[in-house]
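Coordinate analysis (summary)
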Number of protein chains: 2
Amino acid sequence: METMDHSTFSAVYNMLSLGIASMLFTSIFLWVARDRVLPKYRLAVMVSATVTSIAAYHYFRMFDSFKAYETMTTNDAFLHYNVGYRYVDWFLTVPLLLVELVAVMGLAGAVQSSLLKRLVPAAALMIALGYPGDMKLGGLPASVWGLLSTIPFLYILYVLFVEISKSLKDQSPAVRKILSGARLLLIASWGVYPITFILAMNSTVAPTAAEVASREIGYSIADIVAKCIFGLMIFAVARIKSAEESKEFAAAEGH
Amino acid sequence: METMDHSTFSAVYNMLSLGIASMLFTSIFLWVARDRVLPKYRLAVMVSATVTSIAAYHYFRMFDSFKAYETMTTNDAFLHYNVGYRYVDWFLTVPLLLVELVAVMGLAGAVQSSLLKRLVPAAALMIALGYPGDMKLGGLPASVWGLLSTIPFLYILYVLFVEISKSLKDQSPAVRKILSGARLLLIASWGVYPITFILAMNSTVAPTAAEVASREIGYSIADIVAKCIFGLMIFAVARIKSAEESKEFAAAEGH
């Protein structure tokens, strides 16, 4: 029976610990830093902090759960390591990442509400449809779940790159640049997911130690980019917009 | 002896973990977000945060307690898994959910006080009378406890849909829409409880693994809807009313 060798185990374990540290302290920073933007942008910063907080909780759970690979064979550990934490995390955080992006744009109430009413359910559906495919549940082949999950993904892409691009034109050049970058970063980080999904799609046996390790490390890097770096970019946008809109704020904050 | 199979156990375990994450981070968000409404609506938001905080504590306890189903037979685990956490949680949170709803309406002191004096004891009584029925305690058949518990429930329905409807007419259309939706969501989420109670009423043996799982998953979804989604709707109402009542607030918050 194959077991995970010590250096592979350590690489994943340290990556999950990096996940905890990144998520937890980005959260604390953002919760406190919300006061360094104008009131109208604080909810956006608070949603960013909520996302990294939710992820911090799940990285603590995954870190503990992953110990199974230290003491068990790869096959047994596969049954004990709980992949559900990642899906529960994404189910909550992926819709909220889109809320951050929309909230920081400071759009008119009706426009914001219309965007959120479409993006949030689509994001939740995209994650919910991926889970049975990855878990080999629900009686359908994984490829069918993968395709079903692609439909809300394409819809999100359409809303982000067609509808939101219209609103981006009203932002200042500095804001537009960061927001376009953040949007691209978010979508690029999601790209790790279908690659992993397709690679694992046709396997009927437990993945090898190397497959488990590359998957966990890939997901962790993608999560840190999509939640911490993305959340800090949202904070940067909120700071620039605050300084643009209030001379007093700009002076007080040394802009 | 029956044991709970791994995928059923995981489904409940992940649902309880989703409960922890939803309750804990809705709490932190609402505690911090209380500053984003006018002072007169902050108590309503703080009560919402208190409800999800109490629930977060109980979900941590239930998550740990549920591990009994991983290692024991279903019969033994039934004796070890503490259903009391749910009842203690409801005993504290169900009355407070009605306080949230009444507090955010911003009614005149005498009207608010009269509503709370009737709703809070009725809600506590409703939960307290359900417990001996579910636990087969108190020497009476479960159906009798179920019927007794229905009396305060019907009284709450009367107060919510007859008395509170009068006050809803004085709210703006936007507020009335969310409050009516929140009230319906709350009552609908309570509907899971009598269904589960009646299904379990006549059984004299420990429930099967499938019964335990559907019950725990059903209660968890109902709790997340009634506490997190409901609490965030109360926050939304508080935001809208704050913007309606103060032009300065509306301008500062970008409404």
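Each value, and the rule that gives it
- Residues numbered from 1 in each chain as written.
- Chains lettered and ligands numbered in written order.
- Predicted model: local features only at pLDDT ≥ 70, side-chain atom pairs only at ≥ 80, totals over all residues.
- Heavy atoms only, no water.
- Helix = DSSP H or I, 4+ residues; strand = E, 2+ residues; numbered from the N terminus.
- Rg over C-alpha atoms; globule rule 2.2 N^0.38 Å.
- Buried < 20%, exposed > 50% of the residue type's maximum accessible area, 1.4 Å probe, protein only.
- Contact = heavy atoms within 4.5 Å.
- Areas by Shrake-Rupley, 256 points an atom, 1.4 Å probe, with all protein chains shown as cover.
- Lys, Arg positive; Asp, Glu negative; His and termini not counted.
- Charge placed at Lys NZ, Arg CZ, Asp CG, Glu CD.
- Least-squares fit on C-alpha atoms with pLDDT ≥ 70 in both.
- Buried area = accessible area lost by both parts, 1.4 Å probe.
- Salt bridge = Lys/Arg side-chain N within 4 Å of Asp/Glu carboxyl O.
- Axes fitted to C-alpha atoms, helices over the stretch in contact; angles between N-to-C directions.
- Parallel < 35°, antiparallel > 145°, perpendicular 65-115°, else oblique.
- Left-handed = near helix turned anticlockwise from the far one by under 90°.
- Nonpolar A, V, L, I, M, F, W, Y, C, P; charged D, E, K, R; others polar.
- Core = buried A, V, L, I, M, F, W, Y, C linked by side-chain atoms within 4.5 Å.
- pLDDT = per-residue confidence, 0-100.
- 1 Å grid on protein atoms, 1.4 Å probe; cavity = no way out; pocket = protein on both sides within 12 Å on 5 of 7 lines; lining within 4 Å.
- Points joined across faces, edges and corners; volume = space filled by probe spheres on them.
- Patch = residues over 30% accessible without salt bridge, like charges linked within 9 Å, V, L, I, M, F, W, Y side chains within 5 Å.

What follows concerns the overall build of chain A. Regarding its fold elements, chain A presents eleven helices and zero strands. Listed N to C, the secondary structure of chain A is α-α-α-α-α-α-α-α-α-α-α in terms of helices and strands. In summary, chain A has a C-alpha radius of gyration of 20 Å against a globular reference of 18 Å for 255 residues, a match within 12%. Along the first, second and third principal axes, the C-alpha set of chain A runs to 65 × 35 × 20 Å. Across the 255 residues in chain A, those meeting the buried criterion constitute 53%. A fraction of 79% describes how many contacts in chain A between residues 6 or more apart in sequence connect residues 24 or more apart. On chain A, roughly 11200 Å² of surface is accessible, and the fraction owed to carbon and sulfur atoms is 68%. Each charge class in chain A can be summarised by its mean position, and for the 20 positive and 18 negative side chains these summaries are 11 Å apart.

So, on to the relation of the copies chain B and chain A. Structural alignment of chain B on chain A gives an RMSD of 0.1 Å, achieved by rotating through 70° and translating 0.2 Å along the axis. Put plainly, the chains are arranged around a five-fold axis. In terms of C-alpha distance to the rotation axis, chain B has valine 32 of chain B as its closest residue, with the C-alpha 8.6 Å off the axis.

Turning to the interface of chain B and chain A, a few remarks are in order. Listed by partner, the interface residues are 22 residues for chain B and 21 residues for chain A. Both sides together, the interface formed by chain B and chain A hides about 1900 Å², and carbon and sulfur atoms give 67% of it. Sorting the residues of chain B by area buried against chain A places Asn14, Phe25 and Arg36 of chain B first, and these three jointly supply 29% of that buried surface. At the boundary of chain B with chain A, the tally comes to zero salt bridges.

Now for the packing of helix α5 (residues 84–103) of chain A against helix α6 (residues 109–134) of chain A. Residue and element names in this part refer to chain A. Two elements in contact, α5 and α6, have axes whose closest approach is 9 Å; the angle formed by their N-to-C orientations is 160°. What the angle tells us is that α5 and α6 run roughly antiparallel. Crossing handedness for the pair α5 and α6: right-handed. Its residues assigned to classes, the contact of α5 with α6 comprises 19 nonpolar, three polar and one charged.

What follows concerns the side chain of arginine 183 of chain B. Residue and element names in this part refer to chain B. Position of arginine 183 relative to the elements: it lies in helix α8 (residues 173–190). For arginine 183, which is buried and forms no salt bridge, the nearest opposite charge comes from glutamate 163, at a distance of 11 Å. Not counting chain neighbours up to four residues away, the residues in contact with arginine 183 comprise Leu160, Phe161, Ile164, Ser165 and Leu168.

On inspection of all chains with the given rule, the structure shows 20 salt bridges over all chains. The partner of arginine 36 of chain A in a salt bridge is glutamate 253 of chain A, with the nearest N and O atoms 2.9 Å apart. Taken together, the residues span a long stretch of sequence, with arginine 36 of chain A in the loop between α1 (6–33) and α2 (39–65) and glutamate 253 of chain A in the segment after α11 (247–252) at a distance of 217 residues. With relative accessibility at 39%, the residue arginine 36 of chain A sits in the partly exposed group. Linking glutamate 163 of chain B and arginine 118 of chain B is a salt bridge whose minimum nitrogen-to-oxygen distance equals 2.9 Å. Of the two residues, glutamate 163 of chain B sits in helix α7 (residues 142–168) while arginine 118 of chain B sits in helix α6 (residues 109–134), which places them 45 residues apart along the sequence. Residues participating in the shared-partner salt-bridge network are Arg86, Asp89, Glu216, Asp223 and Lys227 of chain A.

Now for the nonpolar core. Burial of nonpolar side chains together is a common tendency in soluble globular proteins. Of all hydrophobic cores here, the largest spans 163 residues; its most connected members are Phe66 and Ile156 of chain A together with Phe29, Phe66 and Ile156 of chain B. Looking at which element gives the most residues to this core, the answer is α2 of chain A, with 15 residues. Residues contacting phenylalanine 66 of chain B, with those up to four places away along its chain left out, are Met4, Phe9, Val12, Tyr13, Leu16, Tyr81, Val212 and Glu216 of chain B.

Should pLDDT be low for a region, the predicted coordinates there are not to be read in detail. Residue and element names in this part refer to chain A. Summarising the model, chain A shows a mean pLDDT of 93, and 100% of its residues fall at 70 or more. Averaged over each element, pLDDT in chain A is lowest for helix α9 (residues 192–201) (81) and highest for α2 (98). At the level of chain-chain contacts, confidence expressed as ipTM amounts to 0.94, with global pTM at 0.95.

Looking now at the layout of surface pockets. Over the atoms a probe the size of a water molecule is rolled, and this reveals where empty space is left. Roughly 1300 Å³ of internal volume is contained in the second largest pocket. Along its surface, the second largest pocket is lined by 48 residues, and Phe78, Tyr81, Asn82, Val83 and Met135 of chain A are the ones closest to its centre.

What follows is about the side chain of glutamate 216 of chain B. Considering the arrangement of structural elements, one finds glutamate 216 of chain B in helix α10 (residues 209–245). Residues contacting glutamate 216 of chain B, with those up to four places away along its chain left out, are Val12, Leu16, Phe66, Tyr81 and Arg86 of chain B.

Here we come to a nonpolar patch on the surface. Residue and element names in this part refer to chain A. Together, Tyr155, Tyr158, Phe161, Val162 and Leu184 make up a nonpolar patch on the protein surface, roughly 430 Å² of accessible area in all. Broken down by element, the nonpolar patch gets its largest block of residues, four residues, from helix α7 (residues 142–168). You can see tyrosine 158 is positioned in helix α7. The partly exposed category is assigned to tyrosine 158, whose relative accessible area is 39%.

This part covers the packing of α2 of chain A against helix α1 (residues 6–33) of chain B. Viewed as axis vectors pointing N to C, α2 of chain A and α1 of chain B meet at an angle of 150°, and their least axial separation amounts to 10 Å. Judged on the interaxial angle alone, α1 of chain B and α2 of chain A are roughly antiparallel. When the axes of α2 of chain A and α1 of chain B are compared, the crossing they make is right-handed. In this structure, α2 of chain A contributes Leu43, Met46, Val47, Thr50, Ser53, Ile54, Tyr57, His58 and Arg61 of chain A to the contact, and α1 of chain B contributes Ser17, Ile20, Ala21, Phe25, Phe29, Val32 and Ala33 of chain B. Looking at the contact of α2 of chain A with α1 of chain B residue by residue, the classes come out as eleven nonpolar, four polar and one charged.

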